[in-house]
Amino acid sequence: MAIKTLLPGRSPGGAPNRGAPARPTSGRDRAERKLAFRMTAPSLVIMALVAAVPIGYAIWLSLNQYSVRTAGLSRFVGLENYINALSSQEWWAAFGQTFLFAGLSVSLELILGTAMALLLNLAFKGRAVLRTVVLLPYAIITVVSAITWQTMFQPNMGLVTNVLSTLGLPGGDVVWLGEHGYAMAVIVMADVWKTTPFAALIILAGLQVISAETYEAAELDGASKWQTFLNITLPLLRPAIVLAAIFRTMDALRVFDLPFVLTRGANGTESMSMLAYTQLRENRLVGEGSALSILTFLTVMVVSVIYVRFAGGNIRDVAKEEQ
């Protein structure tokens, strides 16, 4: 059964109506925009400098080769560090492992976050307490969370391994953090547990701006709960879901603390950030480590641009419509 959502300026699928006339920009609007720009310009300049100076210095370091043992022994090598990084198996292994982690964790967080947001949006006694409890994992420091999960999967003494052994289920005799595949699974579960509340919070905000009249119209039309969710809730939640996906993907692609604490990058869990850290801090290869850091930064930036370009159109359309 097709449900038509009759919202001003929107098509039945929840997308903005391309035929709706745009509001003309008045002189007052232009004056307000100029005033807003003048007031925010100093802060924007300071923020740009704070971001540009470290990035610029990292780029300069990546174009040189330094020795930490002999003072003054350094030379300009141009793009040699980047060529060596892009031709190394370690970089592409870390690249693939990072995207595998990001794909698994972000997908699970969006699915579970949507389910949690739908539950928290219901009206029932004790809803405020449940919202507080659900958001607690996100308030825990990531390193503390990682140590907790590391303890849970310790052989012979961890909570998870003991429960699996007692119930006779597979995985009870597995060294989870010491085997390829299992180690990545633990890191994904730890990240999903900690950051799903963040996705749920954003999606919950999107749920609360959907008008009650829309659901009342669907109910009068005889729509079931599932039809209402597919044809009304999900399309109208798209901007919030895309926004949560952008934030979580950017964060997941630069993951460092979870694999560093849980596995030290062993057993197929080394991320791009961890590889850069190893080269820069442990191997003392300043130029090579800086090049890997810049490559990680560029990867995250390219993925973010792709997200905004191809998936963020709905957000921009909604913003224009509200104007």
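Each chain has its residues counted from 1, following the order in which its sequence is written. The model is predicted, so local features are restricted to residues of pLDDT at least 70 and side-chain atom pairs to those at 80 or more, both for listing and for counting; the totals for chains, interfaces and linings are taken over all residues. Hydrogens and water are ignored here; the side-chain numbers use all heavy atoms of the structure.

## What about the environment of Pro 259?
Strands are runs of DSSP state E lasting at least 2 residues, helices are runs of H or I lasting at least 4, and numbering of each runs from the N terminus. With respect to the secondary-structure elements, Pro 259 resides in helix H10 (residues 257-262). On a C-alpha basis, the gap between Pro 259 and Val 188 in space is 9.7 Å, while along the polypeptide they are 71 residues apart. Working rule for contacts: check all heavy atoms of both residues, and any pair within 4.5 Å makes them a contact. Not counting the four nearest positions on each side in its chain, Pro 259 is found in contact with Ile 187, Arg 264, Gly 265, Thr 269, Ser 271 and Met 274.

## Describing the packing of aromatic side chains
Only Phe, Tyr and Trp rings are paired, with Trp represented by its six-membered ring, and only when their centres lie within 6.5 Å; those with planes under 30 degrees apart are stacked, over 60 edge-to-face, the remainder tilted. This model, assessed by the stated rule, comprises 15 aromatic pairs. In textbook terms, an aromatic cluster arises when at least three aromatic residues are bridged by ring pairs, as seen for Trp 149, Phe 153, Trp 176, Tyr 182 and Trp 193.

## Some remarks on the nonpolar core
We define a nonpolar core as any set of buried Ala, Val, Leu, Ile, Met, Phe, Trp, Tyr and Cys residues linked to one another through side-chain atoms lying within 4.5 Å. Think of it in three bands: residues with accessible area under 20% of the maximum for their type are buried, residues over 50% are exposed, and the middle band is partly exposed, with areas taken using a 1.4 Å probe on protein chains only. Counting 45 residues, the largest nonpolar core has Phe 101, Leu 110, Trp 176, Val 186, Leu 237, Leu 258 and Leu 262 as the members making the most contacts within it. Counting residues per element, the ones that place at least two in this core are helix H3 (89-120), helix H5 (142-152), helix H7 (182-207), helix H9 (225-253), H10 and helix H12 (286-311). Sort the elements by how many residues they give to this core and H7 lands first, with 11 residues. What Phe 101 contacts, discounting residues up to four positions off in sequence, is Met 184, Ile 187, Val 188, Asp 191, Ala 252 and Val 255.

## Comments concerning the pattern of salt bridges
Counted as salt bridges are all cases of a side-chain nitrogen of Lys or Arg within 4 Å of a carboxyl oxygen of Asp or Glu. Under the criterion given, the structure shown has 4 salt bridges. Ionic pairing is found between Arg 248 and Asp 191, a salt bridge with its closest N-O pair at 2.9 Å. Here Arg 248, found in helix H9, pairs with Asp 191, found in helix H7; they are 57 residues apart in sequence, far enough to count as distant. As far as the burial class goes, Arg 248 and Asp 191 line up, both buried. With its nearest N and O atoms 3.2 Å apart, the salt bridge here joins Asp 251 to Arg 254.

## Details of unusual backbone geometry
For Asn 267, which is not glycine, the phi torsion reads 55° and is therefore positive. Within the secondary structure, Asn 267 sits in the loop between H10 and helix H11 (272-282). The partly exposed category is assigned to Asn 267, whose relative accessible area is 27%.

## Focus on the packing of H5 against H7
H7 packs onto H5 with a crossing angle of 130° between their chain directions and a minimal axis gap of 10 Å. By the angle between their directions, the pair H5 and H7 is classed as oblique. In this structure, H5 crosses over H7, and the sense of that crossing is right-handed. Of the residues in H7, those in contact with Thr 142, Ser 145 and Trp 149 of H5 are Met 189, Ala 190, Trp 193 and Lys 194. The class makeup of the residues in the contact of H5 with H7 is 4 nonpolar, 2 polar and 1 charged. In this analysis, axes come from line fits to C-alpha atoms, helices being fitted only over the stretch in contact, and the angle between any two N-to-C directions falls in the range 0 to 180 degrees. Angles below 35 degrees are treated as roughly parallel, those above 145 as roughly antiparallel, those between 65 and 115 as roughly perpendicular, and all remaining angles as oblique. Handedness of a crossing is defined here by the sense of rotation of the near helix relative to the far one, left-handed for an anticlockwise turn of less than a right angle and right-handed for a clockwise turn. Ten residue types, Ala, Val, Leu, Ile, Met, Phe, Trp, Tyr, Cys and Pro, are classed as nonpolar, four, Asp, Glu, Lys and Arg, as charged, and the remainder, Gly among them, as polar.

## Details of helix H1 (residues 27-62)
Side chains of residues three or four places apart in an α-helix project in the same direction, reflecting 3.6 residues per turn. Expected helix span is given by 1.5 Å per residue-to-residue step, counting one fewer step than there are residues. Taking 1.5 Å of rise per residue, 36 residues should cover 52 Å, and H1 covers 49 Å from first to last C-alpha, within 8% of that figure. Bend, at a single residue, is the angle you get between axes fitted to the 7 residues ending at that residue and the 7 residues starting at it. At Thr 40, H1 shows its largest kink, close to 45°, and the proline Pro 42 lies no more than four residues downstream. Considered for burial, the residues of H1 that qualify are Ala 58, Leu 61 and Ser 62.

## A few points about the side chain of Glu 109
Mapped onto the fold, Glu 109 is located in helix H3. A residue is classified by how much of its surface remains accessible, and Glu 109, at 0% relative accessible area, is buried. Here Thr 195 takes part through its side chain, which lies 2.7 Å from a polar atom of the side chain of Glu 109. Excluding its chain neighbours within four sequence positions, the residues that come into contact with Glu 109 are Asp 191, Val 192, Thr 195, Thr 196, Ala 199 and Arg 248. Any pair of nitrogen or oxygen atoms within 3.5 Å is treated as a polar contact; in protein, a donor-acceptor pairing is required on top of that, and neighbouring residues in sequence qualify only through side-chain atoms on both sides.

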